[in-house]
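Descriptive analysis of the structure
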Amino acid sequence: MTKTVKYINILLLFLIFSCSNNKTKSNSKKKTIKNIDTLRYSYSGFNNGLRLDLLSDGRFINENYSFSCFGGGERKKVFGTYKMDSINLTLIPEKIEFIEYPEDIEFKPTTSEIKYGVDSLKIKTQFQIVKWENKKFLLSDFYDFGWSLDKENDYVRFADYLNSGLEPESSGMYLVNRTKDSIKSKFNLNQIPEKWKGYFLKKPISATIKGIKKIIDENDSEYFWWQIELDKGKKDGMTNRLSMTTEDYIIFFDIDSVLNNRSFGQYHMPDFIPKKYPIGTEFRTKWE
């Protein structure tokens, strides 16, 4: 064997070994890459929403956004770690990324990164995991006035949607892990803490019209609405958070005043005709 052939053979062996070794290293690196799954809970409204992503490696991303109809808005992302069991979720925030979008789209948004702790940017960190078949809810007892002028929290809002029959097809301003499967069973109220059970109706409330009064605006005689009096009150479980509707779902209103044996609500749409919905017309919180 000539020296030239010998060197060529040695070079070929070296290349084969190198390729094999590199392939092994490459495969080894691929095996160390960890797949990170994400469990998302979310709420989506008009020009605003909230997303909470729970990553399988123990990290979370909480994103809250709101935008104006005239342009501009903000997006807040909170990063950190979490602890979760079958009943409770605890978020441990670490840092915040705050993005402000100017009304004029010609200007670029500004981004600020700060350590978690500023009161105005704090988020809810303690949740109960409530289940309804394959649908999961994250409910907090923290009173958050950012959602509404009323004193309410996730439990109160969830009760409103459940009482009116909107759940489980539609959800309110609380975090939900949604599913395409239809829910056929009744909600298990035993999951709700005793402190908040009073907001949930065990069965729909039925009431009939006791009186109808036309109210004309003092400042604009062409503008008016109807005050509707119902024959059920506090003793029947009626509260000023309940929504009432007719069987055809055309006329609906919220209860705004409750006495012991009667309650009141206002209907502002011009399609209300007293002759069509006379005294004795039935309203319910939910029609089965």
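Residues numbered from 1 in each chain as written. Predicted model: local features only at pLDDT ≥ 70, side-chain atom pairs only at ≥ 80, totals over all residues. Heavy atoms only, no water.

**Things to note about the pairing of strand E7 (residues 126-132)**
Side-chain direction in a regular strand flips from residue to residue, so the side chains alternate between the two faces of the sheet. Counted residue by residue, E7 has 5 buried out of 7 residues, so it is predominantly covered. As paired elements, strand E5 (residues 88-101) and E7 share 3 bridges and run antiparallel to each other. Pairing of Asn88 across the sheet is with Gln128, part of E7. Inspection of the sheet shows E7 paired to strand E8 (residues 135-139) by 5 bridges, in the antiparallel sense. (Buried < 20%, exposed > 50% of the residue type's maximum accessible area, 1.4 Å probe, protein only. Helix = DSSP H or I, 4+ residues; strand = E, 2+ residues; numbered from the N terminus. Pairing = 2+ DSSP bridges.)

**Here's the deal with the pattern of salt bridges**
Applying the stated criterion across every chain yields a total of 17 salt bridges. Asp53 is the partner of Arg40 in a salt bridge, and the nearest nitrogen-oxygen pair spans 2.7 Å. Of the two residues, Arg40 is situated in strand E1 (residues 38-44) and Asp53 in strand E2 (residues 48-55); the sequence distance between them amounts to 13 residues. For Asp53, a relative accessible area of 12% corresponds to the buried category. The residue Arg241 makes a salt bridge to Glu152 at a minimum N-O spacing of 2.8 Å. Here Arg241, found in the loop between strand E11 (224-230) and strand E12 (243-245), pairs with Glu152, found in the loop between E8 and helix H2 (154-163); they are 89 residues apart in sequence, far enough to count as distant. Overall, Glu152 belongs to the buried group, its relative accessible area being 6%. Salt bridges sharing common partners tie together Lys124, Asp144, Glu152, Asp154, Arg157, Asp160 and Arg241. (Salt bridge = Lys/Arg side-chain N within 4 Å of Asp/Glu carboxyl O.)

**Concerning the environment of Tyr43**
Considering the arrangement of structural elements, one finds Tyr43 in strand E1. Residue classification places Tyr43 among the buried residues on the basis of a relative accessible area of 8%. Linking Tyr43 and Gly172, residues 129 residues apart in sequence, is a C-alpha distance of 7.4 Å. Of the polar contacts made by the side chain of Tyr43, one reaches the side chain of Asn48; its length is 3.4 Å. (Polar contact = N/O pair within 3.5 Å; in protein donor to acceptor, adjacent residues only side chain to side chain.)

**Remarks on H2**
With 9 of 10 residues buried, H2 is to be regarded as a mostly interior element. Inspection of H2 places Asp154, Tyr155, Val156, Arg157, Phe158, Ala159, Asp160, Leu162 and Asn163 among the buried residues, and these make up the whole buried set. The secondary structure elements touched by the buried residues of H2 are E7 and E8. The opening residue of H2 is Asn153, an N-cap whose side-chain oxygen sits 3.0 Å from the backbone nitrogen of Tyr155. Of the residues one or two after H2, Gly165 is the one with positive phi, at around 85°. (Contact = heavy atoms within 4.5 Å.)

**Re the confidence of the model for the protein**
Of all residues in the protein, 86% have pLDDT values of 70 or greater, and the mean over the chain is 87. Per-residue pLDDT, averaged within each element of the protein, yields its smallest value for helix H1 (residues 3-32) (44) and its largest for strand E15 (residues 282-284) (98). Of the regions scoring below 50 in pLDDT, residues 1-32 engages in 2 contacts with residues more than four places distant in sequence or in other chains. (pLDDT = per-residue confidence, 0-100.)

**Description of the packing of aromatic side chains**
Under the counting rule described, the total for this entry stands at 18 aromatic pairs. Taking the centre distance of 5.3 Å and the plane angle of 80° together, the rings of Phe158 and Phe187 count as edge-to-face. Of this pair, Phe158 sits in helix H2 while Phe187 sits in the loop between strand E9 (175-177) and strand E10 (206-216), placing them 29 residues apart in sequence. Comparing Phe158 with Phe187, the two get one shared label, buried. Clustering of aromatic rings is evident, with ring pairs tying together Trp132, Phe137, Phe158, Tyr161, Tyr174, Phe187 and Phe200. A cation sits over an aromatic face here: Lys214 above Phe224, 4.2 Å from the ring centre. (Phe/Tyr/Trp six-rings, centres within 6.5 Å; stacked < 30°, edge-to-face > 60°. Lys NZ or Arg CZ within 6 Å of the ring centre and 35° of its normal.)

**Quick word on empty space enclosed by the protein**
Applying the stated rule across the entire model yields 1 cavity of 30 Å³ or more. Taken as a whole, the largest cavity holds about 50 Å³ of empty space. Together, 10 residues line the largest cavity, and Leu50, Lys124, Met173, Tyr174 and Leu175 are the ones closest to its centre. For the lining of the largest cavity, the per-class residue count stands at 8 nonpolar, no polar and 2 charged. (1 Å grid on protein atoms, 1.4 Å probe; cavity = no way out; pocket = protein on both sides within 12 Å on 5 of 7 lines; lining within 4 Å. Points joined across faces, edges and corners; volume = space filled by probe spheres on them. Nonpolar A, V, L, I, M, F, W, Y, C, P; charged D, E, K, R; others polar.)

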